[in-house]
Every structure is written in structure tokens, then in C-alpha cells.
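Here's the letter readout for the chains.
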Amino acid sequence: MQMKRQVCPRNCFSTCSMISHVENGQLVKVAGDPDNPYTNGRICAKGLSYVDQVYHKERLKYPMYQKTKGSGRFERISWESAYEIIIDQWLDIDRKYGSLLPIGLYKYTGDLSVGHYAPEEFFSSMGPTTRIVGSPCAAAGFDAAFYDFGCGRSSDPEQLEAAELIIIWGANPAVTSIHSIRYLETARKKGAKLVVIDPILTKTAQLADYYFQINPGFDGLLANELAKFLIDHDLQDQTYINKYTHGFDAFHQALAGLTEDAVLENTGLSLDALSTLKKLLASSSRIFHWIGLGFQRHTNGGQMVRTVNALAAVHGMIGKPGSGVHYAHSDTWIFENQTAFFKEHLEETNRILPLNHWIDLGGTVLDPPLESLWISCRNPLIQDPQPSQIREHLKHIPFVVTAELFLTETAKWSNLVLPVTTFFEEEDIATSYWHRGFAFNEKAIEPYHEAKSDFEIMSGLACRIDERFHTPSSFPAHLTKREYLNRQWNNDVRRQFGFNDVHEAAEQIHYPEEKVISWDTHDYLTPSGKFEFYSEQALQNGLPPLPIHKQSVVQTNPDFLQLFTPHDSRGLNSQFKHTEAIPERMMQVYIHPDFAAKAGITEGDLVNVFNEHAKLTMKASVTKQVGRKVALIYQGSAISVDQAVNQLVSVIDSDMGEIASGSKGIAYYDSYVKVKPIS
Ligand SMILES: Nc1nc2c(c(=O)[nH]1)N[C@H]1C(S)=C(S)[C@@H](COP(=O)(O)OP(=O)(O)OC[C@H]3O[C@@H](n4cnc5c(=O)[nH]c(N)nc54)[C@H](O)[C@@H]3O)O[C@H]1N2
Ligand SMILES: Nc1nc2c(c(=O)[nH]1)N[C@H]1C(S)=C(S)[C@@H](COP(=O)(O)OP(=O)(O)OC[C@H]3O[C@@H](n4cnc5c(=O)[nH]c(N)nc54)[C@H](O)[C@@H]3O)O[C@H]1N2
Ligand code: SF4
Ligand SMILES: [Mo]
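All figures in this text were calculated on a predicted structure; none of them were measured in a lab.

Engineer: What is the right way to look at the site of ligand 3 in this model?
Structural biologist: Every residue close to ligand 3 is listed here: C8, C12, S14, T15, C16, M18, I43, C44, G47 and I178. Of the residues belonging to the shell around ligand 3, the class tally is 7 nonpolar, 3 polar and no charged.

Engineer: How do you make sense of the sheet that holds strand β9 (residues 193–197) when you look at a structure like this?
Structural biologist: Through backbone hydrogen bonds, the strands of a sheet pair up, either in parallel or in antiparallel fashion. Taken in spatial order, the 5 strands line up as β10-β9-β8-β12-β13 in an open sheet, and their pairing is parallel. What marks the edges here is a single partner per strand, and that holds for β10 (210–212) and β13 (324–326). Neighbour-to-neighbour, the strand axes of the sheet open up by a mean angle of 15°, direction not taken into account. When strand β8 (residues 165–169) meets strand β12 (residues 287–291), the two strands line up parallel, connected through 5 bridges. By the bridge assignment, I167 is partnered in β12 with H289. The strands touched by helix α8 (residues 219–232) are β8 and β9; relative to β8, the strand with the most contacts, the crossing angle is about 150°. Taken strand by strand, helix α13 (residues 301–314) contacts β8, β12 and β13, and its axis lies near 175° from that of β12.

Engineer: How should I be thinking about the sheet that holds strand β17 (residues 416–419) in this particular structure?
Structural biologist: Spatially, the 8 strands line up as an open sheet ordered β5-β4-β17-β16-β15-β6-β7-β14, and their pairing is mixed. If you trace the sheet from one side to the other, it starts and ends with β5 (75–76) and β14 (351–354), each paired once. In this structure, strand β6 (residues 103–107) lies alongside strand β15 (residues 372–376), joined through 5 bridges in parallel fashion. Considered in β15, the bridge of K107 is made with S376.

Engineer: In this structure, what is going on with the site of ligand 1? I would like to understand it.
Structural biologist: Around ligand 1, a shell composed of 32 residues is seen, among which Q383, E404, D454, S574 and N646 lie nearest. At a separation of 3.3 Å, a nitrogen atom of ligand 1 approaches a polar backbone atom of C377. Within the backbone of Q383, an N or O atom sits 2.8 Å from a nitrogen atom of ligand 1. Surface burial for ligand 1 is 98%, taken as the share of its 920 Å² of free accessible area covered by protein chains. Partitioned by chemical class, the residues of the shell around ligand 1 number 10 nonpolar, 16 polar and 6 charged. Split by domain, the shell around ligand 1 shows at least three residues from each of two domains, domain 1 (64–137 + 334–421 + 451–494) and domain 3 (560–677).

Definitions and limits used
- Residues numbered from 1 in each chain as written.
- Chains lettered and ligands numbered in written order.
- Predicted model: local features only at pLDDT ≥ 70, side-chain atom pairs only at ≥ 80, totals over all residues.
- Heavy atoms only, no water.
- Near = heavy atom within 4 Å.
- Nonpolar A, V, L, I, M, F, W, Y, C, P; charged D, E, K, R; others polar.
- Pairing = 2+ DSSP bridges.
- Helix = DSSP H or I, 4+ residues; strand = E, 2+ residues; numbered from the N terminus.
- Axes fitted to C-alpha atoms, helices over the stretch in contact; angles between N-to-C directions.
- Contact = heavy atoms within 4.5 Å.
- Polar contact = N/O pair within 3.5 Å; in protein donor to acceptor, adjacent residues only side chain to side chain.
- Areas by Shrake-Rupley, 256 points an atom, 1.4 Å probe, with all protein chains shown as cover.
- Domains from an automatic or database assignment.

The following block contains the structure:
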């Protein structure tokens with residue numbers, strides 16, 4: 001039996017270290033690695049089920065080609081033919097347009113490890129191409145941090161233990177960041193109080209001392225009211241405000257019009273609840289605000305984050321142990337190809353196609369049109385809004401390639417499907433956007449059938465470009481994966497992780513002893529060098545300069561419910577459907593008993609959930625865990641485009657996101673649906 005160090009590369013706060021057990025070249029078991037103090041020898045059920053996934057009968061084994069997308073008439077082809085088909089198509093494009101701009105890259109977060117930024121690097125190596133840019137995930141919140149602090153930083157999760165009060169605004173770590181729960185529990189044992197503010201009584205809310213079921217999109221009003229309360233009662237931290245902030249007076253003045261009645265009416269909170277929150281704030285000297293990524297998927301999502309940032313700043317809860325506002329950080333996204341991704345991906349020579357424009361308009365309206373699309377680490381026909389519209393766009397693009405583990409809905413609508421390796425089959429490095437650990441992922445087993453890593457695929461293509469195109473690709477095609485990883489080393493990587501090169505880092509886990517407190521040196525990166533209540537940059541970008549509540553789109557017709565599609569414990573976005581060990585994710589809609597009674601729906605009834613975009617049929621579950629105005633359906637579970645919950649999600653921009661991702665974020669949770677029994 002051989003044991004290998006592995007690190008889970010999913011888009012997940014945890015980035016767990018794992019040990020794989022290999023017998024006769026076969027992966028037989030995966031377990032947590034105790035050497036990573038954060039993930040502490042534990043992994044989630046999905047992680048434990050990786051053996052099933054690696055050897056699943058539906059895993060892609062060979063390159064496959066279909067002339068007509070969606071025909072299902074795939075033929076197995078060799079890698080050599082696959083490369084030839086791609087190069088022929090691209091040469092034709094080059095001849096026809098004298099440019100490669102008609103070739104697009106549509107990439108996201110299926111595997112976040114360093115080696116998986118090779119497609120971005122490869123595309124940059126060919127000269128200008130088209131990039132579909134924008135983050136459906138976290139962009140608005142990062143921009144909010146940019147306006148207030150200068151960039152997004154967070155303390156190490158261990159700082160949770162030093163808090164007296166932890167307020168979780170629309171995050172669900174019991175499902176999405178499981179290892180953080182240990183720190184929450186330790187804090188509580190030491191006397192800290194845990195508050196959860198969420199329209200859904202989540203698994204995390206069930207652990208809390210206080211749960212407040214707020215109406216979606218009104219947290220800004222609550223945060224403003226709490227800031228006003230602190231100032232009115234002389235509880236603000238005047239020293240912090242004077243020394244480290246900009247625009248406080250303007251913020252204070254702007255709060256004048258706010259009334260408690262308006263706050264209660266709009267947030268749906270009781271006077272009792274509001275008073276409790278005020279007392280908790282007033283009596284705590286170390287407050288850890290945790291803002292979830294789900295929190296900002298609204299048309300006012302960035303602004304909501306700014307209001308919470310402002311609340312913490314008024315109170316001086318920044319840069320101290322156990323305090324601060326925490327969302328996510330990019331301190332570990334510093335490898336060469338990752339930083340190049342942010343620079344070059346958005347470089348002017350590339351044609352930038354903002355995600356939401358692409359979904360609305362497709363690629364044929366462009367000049368030159370999109371003639372070819374490369375999809376990697378992304379399953380848009382399940383995860384992006386309006387997937388049937390995207391399917392139409394794919395139909396109209398003459399040549400679509402998808403690199404995948406499984407024949408996903410997206411792969412089915414591609415001409416060429418290329419099988420990729422899992423992280424057990426290749427070396428890599430994965431870091432987290434929550435903790436600051438570093439873990440090297442060893443290769444444990446040989447690639448499954450003919451699967452290749454994204455890096456290997458890009459290398460193969462680069463070699464053939466060098467042979468057949470006038471201009472060679474600058475992609476480092478002849479490197480081994482280890483050498484490729486080594487090329488990503490720079491001084492920031494050395495400073496952050498302490499390893500001089502990949503060879504030193506190989507097989508290691510690095511978890512820093514010193515625990516970071518974000519902004520403890522108050523080196524704010526804003527134009528004023530201070531925390532900015534008043535942001536001139538926000539104003540210049542057409543946004544409110546002050547962190548004052550701004551209403552999101554609100555549906556006044558009581559027949560409509562606000563559609564919430566958060567993240568589920570049984571999946572990781574659209575992944576882990578192929579695992580018998582994970583209970584099947586049947587799509588269900590959860591509604592409040594008051595709404596159900598009015599609509600004549602009882603537990604287990606089949607209902608239609610519909611709006612102007614689509615009608616889906618599913619079982620209803622009636623529960624007070626969801627707010628009166630909300631319909632909850634977990635995202636990611638669908639196995640077909642036509643059943644995907646994103647059919648019901650409109651393409652609506654969130655207010656911010658362009659600075660972080662080149663495009664505004666998506667207000668996933670500002671769509672509305674009717675729920676009616678099947679008559
Ligand atoms: N309704 C609704 N929709 C949402 C959200 C929501 O809250 N509600 N959340 C959004 C968020 S936050 C996110 S981050 C996105 C996530 O959207 P995606 O990044 O598209 O999500 P995944 O399903 O994790 O991964 C996409 C695909 O990558 C493939 N993959 C895995 N490993 C590899 C690899 O090594 N190489 C290649 N080429 N492919 C690989 C997987 O098999 C999978 O099919 O979804 C968004 N969609
Ligand atoms: N098991 C599992 N873990 C995951 C993922 C997964 O799919 N499955 N996905 C990963 C990814 S890509 C991401 S982005 C993260 C997401 O991590 P989280 O942010 O923790 O999770 P979400 O489900 O996006 O949303 C969190 C909560 O925000 C609440 N919310 C939405 N709108 C509002 C609002 O207006 N006000 C308030 N107060 N709350 C609101 C929702 O009800 C939900 O409970 O998790 C990562 N981890
Ligand atoms: S999905 Fe997240 S929690 Fe589960 S093993 Fe991977 S990193 Fe850990
Ligand atoms: Mo995400």
C-alpha cells in the first residue's frame with residue numbers, strides 16, 4: 001500500500017489536505033491528512049467519495065467528436081486527430097479573419113489548483129483572443145472591499161476563537177466551510193455569542209445563539225441602523241475614526257433620515273430582535289463579522305457589503321484580534337500564471353466579453369463573431385443563468401471544445417470533448433481563499449484511460465501551433481508538470497509560503513504559525529490611505545459614494561417569492577453527481593407554511609415553480625426554515641439543462657464586480673417565481 005499526499009482543488013473554502021491509499025496502482029481509499037492543522041485530518045463526505053468518482057463508469061475515457069452538437073453521435077477519436085481537428089479549425093479562422101479574436105475561452109472553477117491556470121496562459125500565448133470574463137461567485141463583495149479598504153483581505157480563521165461576538169451575514173459555513181465550525185465552537189465555549197442573519201434558517205443558523213430571519217436584500221438597512229445606534233449612543237470608536245477613516249461625517253449625516261420603523265418594516269425583524277442585536281453590539285469589544293458570498297448575489301450586493309464594512313469601522317472593529325470583516329482573500333492567489341490571469345485575461349488586446357453580455361447576446365453579434373469556444377473547468381449549462389439561452393449560443397458557434405471529467409450537459413453541446421485527469425492523476429498545488437495553507441498534491445495514480453491534464457492538453461496544442469502556425473505560441477510546451485509549476489514561483493510565493501522552489505515544496509504542507517489579523521497595520525490601499533466611508537472611486541464608477549442602504553429589485557406582487565438557490569452539502573456546485581455514496585440530489589422547493597397554506601400546498605405535493613423564463617416541476621417541502629417571501633431550491637443538482645434551476649434565474653447584474661473580475665457579478669438571488677400546485 002502506498003500513501004500519497006493530496007489536496008482537494010474544488011472551489012471550496014476548505015482546500016482540504018488528504019492522504020490517498022494506493023494498491024497495485026489503484027486508488028482504494030481517501031482520508032483526511034492530520035498534518036494540515038486547519039483541515040485537521042478530516043474531509044467532507046464528498047471528499048471521502050473520491051474513489052467512486054475516479055473510477056465511475058461514466059467518466060470520460062477518450063477524446064470524442066460529434067459533427068452536430070447535441071446529436072449525441074459522438075465517435076471516439078485519437079488525441080492526434082483531436083489536436084488536428086482543433087488546429088485545422090483555428091487555422092481556418094486565422095485565414096478568414098487574419099486574427100484569432102473569433103476564438104474564445106470560457107473557463108471557471110471546476111479545479112482551482114495552480115496547474116489549472118494553464119488554459120489562460122496558453123490562450124494568452126497565442127496573441128489576442130476573446131475572453132468571457134466575470135465571476136458568478138464573489139465579484140461584487142471584492143469590489144466593495146476595494147472601495148472601502150483598497151482590497152479584500154481576511155484574518156486567519158483562527159481569529160474566530162478570539163472573538164466575543166461573531167455575526168454571520170449570509171454565509172453557511174456548516175455546509176460550505178465545514179472546518180470553520182470547530183473555531184466557532186471554541187469561541188462559544190470561551191463565552192462568545194454566535195449570531196446568524198439569514199433569510200434561511202440554515203444548518204449554521206441552527207448552531208447559533210441568536211438567529212434573525214431577515215428579508216432578503218435589506219441587511220444594508222439593518223447595518224446602517226446599527227451604525228446609527230452606536231453613534232447616537234456615543235459607542236463609536238472615535239480614535240479609530242479620526243486616525244484611520246475618511247468621510248465619517250458625511251456618513252453620519254446621511255444616516256440622519258433613517259427611522260427604526262422603516263428598518264423594522266423592511267427587514268421583517270421584531271423590535272425585540274433589533275434591541276437584542278444592539279445590546280450584543282454594545283457589550284462586545286471584539287466582533288468578527290463574517291460576510292458570505294451568498295450575501296452579495298443581489299443587485300445591491302456590493303453596497304450591502306459596504307454597509308457592514310462601515311458598521312465595523314464605526315465601531316473600530318478593524319485590525320484587532322477576533323475582530324474585522326471577513327469575506328475571502330486573494331493573498332494566496334499569487335503564482336505567476338494566476339497573477340498573469342488577472343492581468344492578461346483583462347488585457348486590452350484581448351476582446352473582453354462580460355459574462356452577462358455573453359449570456360444575453362451570445363457570440364454571433366460580435367465582429368468578428370465567435371467561431372470557436374474552449375470550455376474548461378466550467379459547466380455553464382447547469383451553473384450559469386439562463387442555460388437554455390447559452391445552449392442556443394453554443395449551437396451557433398461553429399466549433400466548441402470542452403475539456404471535462406464527465407459528459408456534462410455542457411460537454412453534450414460541444415463538438416469535441418477532451419477527457420481530463422483528476423487531481424489524483426497529476427501533480428499540482430492548491431491554496432485556499434480562506435486559510436493561508438499551502439499543500440502540494442502528489443500524483444497518486446496513472447491517468448484514467450487516455451485522460452490528460454489541462455496542462456498537458458495545452459502543451460500538446462502549443463507544440464502543434466509551433467509546427468503549423470506562422471507565429472509560434474509562447475506557452476512552455478516542453479516542460480514537465482513539475483517544471484511548469486516551478487515556473488510559477490516568484491518572490492511573493494517565496495515570501496508567503498517559505499519554499500524557494502517547487503522541488504523544496506514537493507510533498508509538503510505549509511501552514512503558517514503566525515496568525516494574520518487583517519489590516520492590523522492599517523495600511524489601507526485606498527486613495528486616502530484610510531478606510532473610506534466616502535469613496536470618490538465608487539462615485540466615479542457611478543455608485544453611491546457612501547455606504548448607505550440601497551434597495552435591490554423588490555417584487556411587490558405577493559404571489560411571487562424571491563428565488564434563493566444557495567449551495568448544498570451534497571454537491572460542490574454541479575460536481576459529485578456521479579457518486580453513489582452521496583444521496584441523490586432531487587430538486588425540491590422549500591416554502592414557508594403561511595405561503596403554502598394560502599397557495600393550497602402541503603408537504604410533498606408536486607408543484608410548478610415558474611416565471612417568465614421557464615416552468616419546472618418538483619416536490620414542495622413546507623418549512624419555517626425559509627422566510628415568508630422566499631422559495632429555496634439548492635443550486636447545482638440538475639442533470640439536464642431543462643431541469644436546471646438556473647432556467648428560472650434572470651441575467652441581472654449585481655451592482656459591483658468590474659474591478660475584481662472585469663464584469664459585474666450576477667444577482668442570482670434577485671429572481672422571482674410563482675409556486676403553484678399542479679392542478
Ligand atoms: N443558481 C445558482 N447558480 C450558481 C450559484 C448559486 O449560488 N446559485 N453559484 C455560482 C458560483 S458561486 C460558482 S463558483 C459557479 C461555479 O460554476 P462552475 O465553476 O461551472 O462549477 P463546477 O460544477 O464546480 O465545475 C465545473 C466543471 O468543471 C469540471 N472539472 C473538474 N475538474 C476539472 C479539471 O481538472 N479540468 C477540467 N477541464 N474540468 C474539470 C467538473 O466536472 C464540472 O463539470 O456557479 C454559480 N452558479
Ligand atoms: N458543500 C458545498 N460547499 C461549498 C460549495 C458547494 O456548492 N457545496 N460551493 C463553494 C462556493 S463556489 C462558494 S461561492 C461558497 C459559498 O459559500 P456561502 O456564502 O457560505 O454559501 P451560499 O450558499 O452562497 O450563501 C450563504 C447564505 O447567504 C444567504 N443570503 C442570500 N441573500 C441574503 C441576504 O440578502 N441577506 C442575508 N443575510 N443572507 C442572504 C443564503 O440564504 C445562504 O444561506 O461555498 C463553497 N463551498
Ligand atoms: S469539497 Fe471542500 S470540504 Fe470537501 S474535501 Fe474538498 S475541500 Fe474539503
Ligand atoms: Mo463560488
